[in-house]
Every structure is written in C-alpha cells, then in structure tokens.
Amino acid sequence: MTTTPSHPAAELPGRPPIVDLATWQAARDELLVREKAHTREGDAIAAARRRLPMVEFDGKVEVVGPDGPVPFLDLFQGRDELVVYKHMWYDGAPPQGQCEGCTTTAWSMKDAVYLNARGVSFAIVTTGPWDEVASFVEFMGYTQPWYSVRDVEGPAGGDMGYVACFLREGDRVFLTYSTTGRGNERINGSLGLLDMTPYGRREGWEDNHEGWPEAVEAGAPVGGHGAPICWYWRSDADGNATWGPTSRPVPQWTRPGATPVETLGRRGPHH
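Described in the following lines is the structure provided in the data block. (Residues numbered from 1 in each chain as written. Predicted model: local features only at pLDDT ≥ 70, side-chain atom pairs only at ≥ 80, totals over all residues. Heavy atoms only, no water.)

Considerations on the nonpolar core
Core analysis: the largest hydrophobic core is formed by 23 residues, its most contacted members being Tyr85, Phe122, Tyr142 and Trp146. Every element with two or more residues in this core is listed here: strand 4 (81-87), helix 2 (100-108), strand 5 (120-126) and helix 4 (130-140). Broken down by element, this core gets its largest block of residues, 5 residues, from helix 4. In contact with Tyr142, other than residues within four places in its own chain, are Thr103, Ala106, Trp107, Phe136 and Val137. (Core = buried A, V, L, I, M, F, W, Y, C linked by side-chain atoms within 4.5 Å. Buried < 20%, exposed > 50% of the residue type's maximum accessible area, 1.4 Å probe, protein only. Helix = DSSP H or I, 4+ residues; strand = E, 2+ residues; numbered from the N terminus. Contact = heavy atoms within 4.5 Å.)

A word on helix 1 (residues 21-50)
Taking 1.5 Å per residue as the helical rise, helix 1 with its 30 residues ought to reach 44 Å, and the 42 Å between its terminal C-alpha atoms agrees with that figure. Put simply, Asp20 is the residue that caps the front of helix 1, since its side-chain oxygen is 3.1 Å from the backbone nitrogen of Ala22. (Expected span 1.5 Å × (residues − 1). Polar contact = N/O pair within 3.5 Å; in protein donor to acceptor, adjacent residues only side chain to side chain.)

Comments concerning the state of the cysteines
Evaluation of the coordinates by the stated rule reveals 0 disulfides. For the unlinked cysteine Cys99, the closest cysteine sulfur is that of Cys102, found at 3.6 Å. Its relative accessible area of 11% is what places Cys99 among the buried residues. Classification of Cys102 as buried rests on a relative accessible area of 2%. (Disulfide = S-S within 2.5 Å.)

A closer look at the pairing of strand 8 (residues 172-180)
Both strand 1 (residues 55-57) and strand 8 contribute to a ladder of 3 bridges, which runs antiparallel. Paired with Phe57 across the two strands is Val173, which belongs to strand 8. Note that strand 7 (residues 162-169) and strand 8 share 8 bridges and pair antiparallel. Bridging across to strand 8, Glu169 finds its partner in Arg172. Two successive antiparallel strands, strand 7 and strand 8, enclose a turn made up of 2 residues, where Gly170 displays a positive phi of approximately 65°. (Pairing = 2+ DSSP bridges.)

Here we look at the pattern of salt bridges
According to the stated counting rule, one finds 5 salt bridges in the structure shown. Here Glu56 ties to Arg172 by a salt bridge, and the two come within 2.7 Å at their closest N and O atoms. Highlighted residues: Glu56 in strand 1 and Arg172 in strand 8, separated in sequence by 116 residues. Taking the relative accessible area as the measure of exposure, Glu56 reaches 43% and is therefore partly exposed. Across the pair Asp80 and Arg168 runs a salt bridge whose closest N-O atoms are separated by 3.4 Å. On the criterion of sequence distance, the pair formed by Asp80 in the loop between strand 3 (68-71) and strand 4 and Arg168 in strand 7 is long-range, its members being 88 residues apart. (Salt bridge = Lys/Arg side-chain N within 4 Å of Asp/Glu carboxyl O.)

Here we look at the pairing of strand 3
Consecutive side chains of a regular strand alternate in pointing toward one face of the sheet and then the other. Where strand 2 (residues 62-65) and strand 3 come together, 4 bridges link them in antiparallel fashion. Bridge assignment links Val64 to a residue of strand 3, and that residue is Pro69. Counted along the chain from strand 2 to the antiparallel partner strand 3, the turn is 2 residues long.

Laid out in structure tokens, this is it:
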C-alpha cells in the first residue's frame, strides 16, 4: 500500500507535488497519449525523410585519412549506406578547446556494429589538417574512422556541425539527408535518457518546474546540483569542472592510465 505524507512540511519546495501512486499513474497516462502522438508523428516524418530527392556528386573526390588520400567512396566500406558526422574544427586549438558539442557527439558513437549489421557505415569528417586531426583522435581515444575534408566542397565536405546520410549505387554516390543543430542529438543517446529524468538536461533553455533546475555555480563538482552545464563535460582528475592544461572530457578519466595533461596550450574555449 502506498502512503503519502499529508503534512505541508513533507512537500519539497520548488518541486512538483507529492501524490499517491494512483494519482501519479493518471497523470502519467495522460502524458502517454501525447508521447504516442509524438512517436507516430516522428514515424511520419521519417517516412517523408526517406522520400526526399537525392543529390548526386563525385564519389571519387579525395579525403584524407590515416592511409593518406582516399576517395569518398571508401567511407562506405563496401556497404550501400553511410552516415557521416561532420565535426567542427578550430585550427591550432588544444583537444579540450575543440567544439564541445561535436566532441561529446563523437564520443557518444563508440561502436557502429549495429549500423554495420544493417548495411550502414559510419564515419566522421572534419576540416582540420590531418596531422592535427590524427593527434586529436588519438588523444580522445575515438574508435570510429576519421577523415579530413579540408578544402573539399559539399556534400562530401562543406559546412561542419551536421549529420549527413548518403547512398551508394555502384560507384555513384548520392546525398539523401542532412541535419544540424538539435537534429544531431540522435547520435547521443544520453540526451534522450536525460530528457526522462527529473532534472532533465539542466540546460538554460528547458521549460522546467519553477525553481528547477538550480542556478549554475562556477566550480561546482561534475554532476552536482548547479554544475555549469557548458563546462562539466570536461574536468580535472579530481572531477572539478574546468578548462585548462589539466582538463579533458570527463569519460577520459575512466580510461586506463589516464593522467593530467601538462601542456595543451593556453587558448580559451570556443563556442
């Protein structure tokens, strides 16, 4: 049997009301109707996405990878479909000075084996010079194939910060879809899970219950209440949110042998 404290002191200031399970279930069921409508609309949009016209371009255009220049066709790895994440790049910036959103997006896609099993390859391209890109990839510990598309025009190159999808028919290559901004969130499944949590993403743009989330606090510990959202994805070895010579993306501190980096330059972060 579920009991609910009735004394006002039991309520949590600045939080949703505390109710019994039946009342919660009724509210949950009401929201579920909206969620299912959202899912069905998403299915309809996906169907329209698959019917978009295609743009053919030269698949033999060269990009640069660990083995030197290769045709864009190589990114398909023999498969018919390809998803590419176009990673923004700041020339000469240290690893922790590269684009925050792109860095975490690329980190989230550690393994593409399920895509591969469905006949889809995955690759990351960026406009950085290959020597800088290779160093960054090694530092970050990325496992997906990376390529430099410096001075390569779209659709293979062009503007960064996008997810793009391609189709191959023999040696013919077509751009089928592209999205940017929050459209890139599909790669990072953690964001979808955060959207289900009580505090959500704790980002300033969210429509939250009054007084929720707490105001950001400089120097707050990683994941702590009020942690500065734009910063706590990178920390020092003690978990303190920071940007500097000893900072790195938070997941890197879980890697074997991870140690603070002493000299990464002094350039400030880019937004």
